[in-house]
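# Per-entry structural report
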Amino acid sequence: MAGEGDRRSDPEVERRSRLLGGLHFEGEGARGVAIALLSTAVFVAVVIVAVTQSAGWPEVKRTFFDWGDISSSFPDIARAFVLNVKIFLVCEVFVLVFALVIAVLRSLPGPVFFPLRALAVIYSDLARGVPTILVIALLGFGAPALQLTGVPRSRVFWAGVGLILVYSGYVAEVYRAGIESVHPSQEAAARSLGLSRFEALRRVILPQAIRRVIPPLLNDFIGLQKDTALVGTLGVVEAFNQSQIDSAATFTYGAYLAAAVLFVAITIPLARLTDWLIARDRQKRQAAGGFA
Amino acid sequence: MSALRLEAVRKSFGEHEVLRGIDLELDDHEVVCLIGASGSGKSTLLRCINLLEPLNAGRIFLGREEITRRGVDVNAVRRRIGIVFQAFNLFPHMTVLRNVTLAPRDVLKLSRAKAEARALELLARFGLEDRRDEYPDRLSGGQQQRVAIVRALAMRPELMLLDEVTSALDPELVAEVLNVIRELAEGGMTMLIATHEMGFARDIASRVCFLDDGLILEQGLPHEILTNPKQPRTQQFLERIIEAGRL
């Protein structure tokens, strides 16, 4: 019945817009764009005036916005930034796999699996509860100091382990939300065909669950990419640490701006990719509408 | 030989006893319809037979094998029983063809070519071959339910359980699904059908069971139960159905 009502409303809208006259209607649209542009321009102008008229502006301009500083430090920082990207890419793969294992453990039913579920809950709580910078410091300084044989002593390695542990806590929660959003009747349908619990999870539950959580998952990607800068606190030369070094040499902060630009250059395309994936998926499978 | 035998099956959800001792036997090629009000235990009974719900007491035999015994391979049992649900429960992320071939490939370990050949034959038989590459949400309810039936049939089950398969359909789509079931009955498929379609039950059932408050109160030939019920509860139920214009 509701569908019928919706279908009726379309010609209704058309009829009204015809009455109002096409030109007038478009005029409203154009006026809307003009208002948006004007208000943005006024806002930006106010901000620029406020900042440049401030007492400290000449000093800030010299220390932060010196084009010479920014461009001269850029190559060094870009070279160091490659390490951030590497850490991000390697860690992300492990996070995606490890977090999935945690989430699946947490969704196991029945009293037999209580210890595993409890372990998964404790893990998620700890991973999300301790500040990332502390985890990295503890592992990065502590683990190599143990001098265990057969275990890498590199600080980058242990910082990576720290990032994986922390982000798996968040990503496991994202996966879990996805798994719980798949209606139990889907599992019933899969099991009734003779699929094992594992096969039902792999073929039916997880594909639907993961598809639904791609946007929050990519959000956590972006967070991880940014947090690779924390590895610099161990004295490893990555983009943030390199910009600290450059900044200390010139007594200006342009190097930080250069590093920020590099991070944004990765995270913004990731954000756009997220939107594009969502739109494509919706187009592909919801062309007929109605599927939630 | 009986295809399915239930002995004193009991099932509770918490305090509430939904099945209070069900005895039921189906012969090979028999079509038995379960009728009764909502909440009388029809769906629970079907879910118990498919081992989707564990029993509190009683035994169930599929052919000669007791499927409620300890240590039974539930996946192996479910392979032999097809179930179709009221809400279709197709896998929305898979095409029609993939929905139908998933279990034959994963469970029966058929090759892709073999599974697809089997699926296409069934889809063609029920007029769905041109829908093979569609996703479920592009299909009408009637088409979705027919795909769900095909998906169950692709496992070549010895027994089909149908749980109010037309209840979620618009009235004009009910007939196409009932026709599929009728064709299965004519083909000799053993079926246990929970339904509110009394006319349909009268047409195809070899036996009708009236379920009331977790017990089979009365069973017999369709025309006996539907036109001349002995139990007052059955009479009441059918009067309400007639008032609603469903018989």
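Residues numbered from 1 in each chain as written. Chains lettered and ligands numbered in written order. Predicted model: local features only at pLDDT ≥ 70, side-chain atom pairs only at ≥ 80, totals over all residues.

A separate point is the overall build of chain A. Along chain A, the regular secondary structure elements total twelve helices and zero strands. The linear arrangement of helices and strands in chain A, starting from the amino end, is α-α-α-α-α-α-α-α-α-α-α-α. A buried classification covers 30% of the 292 residues belonging to chain A. The contacts of chain A with a sequence gap of at least 6 include a subset with a gap of at least 24, amounting to 73%. (Helix = DSSP H or I, 4+ residues; strand = E, 2+ residues; numbered from the N terminus. Buried ≥ 20, exposed ≤ 12 C-beta atoms within 10 Å, placed from the backbone. Contact = placed C-beta atoms within 7 Å.)

Another aspect to go through is the overall build of chain B. When its secondary structure is counted, chain B shows nine helices and ten strands. Within chain B, buried positions represent 47% of all 247 residues. A fraction of 64% describes how many contacts in chain B between residues 6 or more apart in sequence connect residues 24 or more apart.

This part covers the packing of helix α3 (residues 96–106) of chain B against helix α5 (residues 141–153) of chain B. Residue and element names in this part refer to chain B. Close contact between α3 and α5 brings their axes to 8 Å; oriented N to C, the two are set at 25°. As judged from the angle between their axes, α3 and α5 are roughly parallel. α3 and α5 meet at a crossing whose hand is right-handed. Contact with α3, carried on its side by Val-96, Asn-99 and Val-100, involves Val-147, Val-150 and Arg-151 of α5 and no other residues of that element. (Axes fitted to C-alpha atoms, helices over the stretch in contact; angles between N-to-C directions. Parallel < 35°, antiparallel > 145°, perpendicular 65-115°, else oblique. Left-handed = near helix turned anticlockwise from the far one by under 90°.)

Once that is clear, we can look at the interface of chain A and chain B. Counting residues at the interface gives 20 residues for chain A, matched by 20 residues for chain B. Those elements giving two or more residues to the side of chain A that touches chain B turn out to be α8 (184–192) and α9 (197–212) of chain A. Its residues assigned to classes, the side of chain A that touches chain B comprises eight nonpolar, seven polar and five charged. (Nonpolar A, V, L, I, M, F, W, Y, C, P; charged D, E, K, R; others polar.)

This part takes up the packing of helix α4 (residues 67–106) of chain A against helix α7 (residues 155–181) of chain A. Residues and elements named next belong to chain A. Following both chains from N to C, one finds α4 and α7 inclined at 45°, their axes separated by 6 Å at the closest point. Taken together, α4 and α7 sit at an angle that is classed as oblique. Between α4 and α7 lies a crossing of right-handed hand. Only Val-156, Gly-160, Leu-163, Ile-164, Tyr-167, Ser-168, Val-171, Ala-172, Tyr-175, Arg-176 and Ile-179 of α7 make contact with α4, whose side of the interface consists of Ile-87, Val-90, Cys-91, Phe-94, Val-95, Leu-96, Phe-98, Ala-99, Leu-100, Ile-102, Ala-103 and Arg-106. Here the residues of the contact of α4 with α7 sort into 19 nonpolar, two polar and two charged.

This next bit is on the sheet that holds strand β8 (residues 191–194) of chain B. For sheets, the rule is that strands pair by backbone hydrogen bonds, running either parallel or antiparallel. All names here are of chain B. Read from one edge of the open sheet, six strands run β6-β7-β8-β3-β9-β10, paired in mixed fashion. Bordering the open sheet on either side are β6 (81–84) and β10 (215–220), each of which pairs with just one other strand. Ignoring which end each strand starts from, the neighbouring axes of this sheet average 20° apart. In this sheet, strand β7 (residues 159–163) lies alongside β6 in parallel orientation, the contact comprising four bridges. Looking across to β7, one finds that Gly-82 is bridged to Met-160. (Pairing = 2+ DSSP bridges.)

Residue and element names in this part refer to chain B. Relative to the helices and strands, Met-198 is located in helix α7 (residues 198–204). By C-beta crowding, Met-198 is classed as buried, having 20 other C-beta atoms within 10 Å. Met-198 sits 44 residues away from Ile-242 along the chain, and the two C-alpha atoms are 9.5 Å apart.

Moving on, we come to the sheet that holds strand β4 (residues 57–62) of chain B. Residues and elements named next belong to chain B. Sheet architecture is open: four strands sit in the order β2-β1-β4-β5, paired in antiparallel fashion. Because the sheet does not close on itself, it has two edges, and the strands there are β2 (16–27) and β5 (65–66). The sheet strands contacting helix α1 (residues 42–49) are β1 (2–13), β2 and β4, and the helix crosses β2 at an angle near 65°.

Among all residues except glycine, the phi angle is most often negative; among peptide bonds, the trans geometry is most common. Residues and elements named next belong to chain B. Positive phi, close to 50°, is recorded for Ala-8, a residue that is not glycine. Within the secondary structure layout, Ala-8 lies in strand β1. With 13 C-beta atoms packed within 10 Å, Ala-8 lands in the partly exposed category. One non-glycine residue, Glu-164, adopts positive backbone phi at about 50°. With respect to the secondary-structure elements, Glu-164 resides in the loop between β7 and α6 (171–186). For Glu-164, a count of 20 C-beta atoms within 10 Å puts it in the buried group.

Right, let's get into helix α4 (residues 112–125) of chain B. Residues and elements named next belong to chain B. For α4, with 14 residues, the first-to-last C-alpha span of 20 Å sits near the 20 Å given by 1.5 Å per residue. For α4, the complete set of buried residues consists of Ala-115, Ala-119, Leu-122 and Leu-123. Seen from one end, α4 has its buried residues packed into an arc of 100°, which puts them on one side. Relative to its buried face, α4 has exposed residues pointing more than 90 degrees away, namely Ala-113 and Glu-121. For α4, the elements touching its buried residues are α3 and α5. Just beyond α4, the residue with positive phi is Gly-127, at close to 65°. (Expected span 1.5 Å × (residues − 1). Arc of directions from axis to C-beta.)

Attention shifts here to the confidence of the model for chain A. Residues and elements named next belong to chain A. Counting all residues, the mean pLDDT for chain A is 84, and 87% of those residues have values of 70 or more. Taken element by element, chain A is modelled with least confidence in helix α1 (residues 2–20), mean pLDDT 44, and with most confidence in α8, mean pLDDT 95. pLDDT under 50 marks residues 288–292. Its contacts with residues more than four places away, or in other chains, come to seven contacts. (pLDDT = per-residue confidence, 0-100.)

The next thing to look at is the environment of Ile225(B). All names here are of chain B. Structurally, the position occupied by Ile-225 is in helix α8 (residues 222–227). Taking the C-alpha atoms as reference points, Ile-225 and Gln-235, separated by ten residues in sequence, lie 9.0 Å from one another. Ignoring any residue separated from it by four or fewer positions in sequence, one finds Ile-225 in contact with Val-208, Phe-210, Glu-218, Gln-219, Gly-220 and Thr-234.

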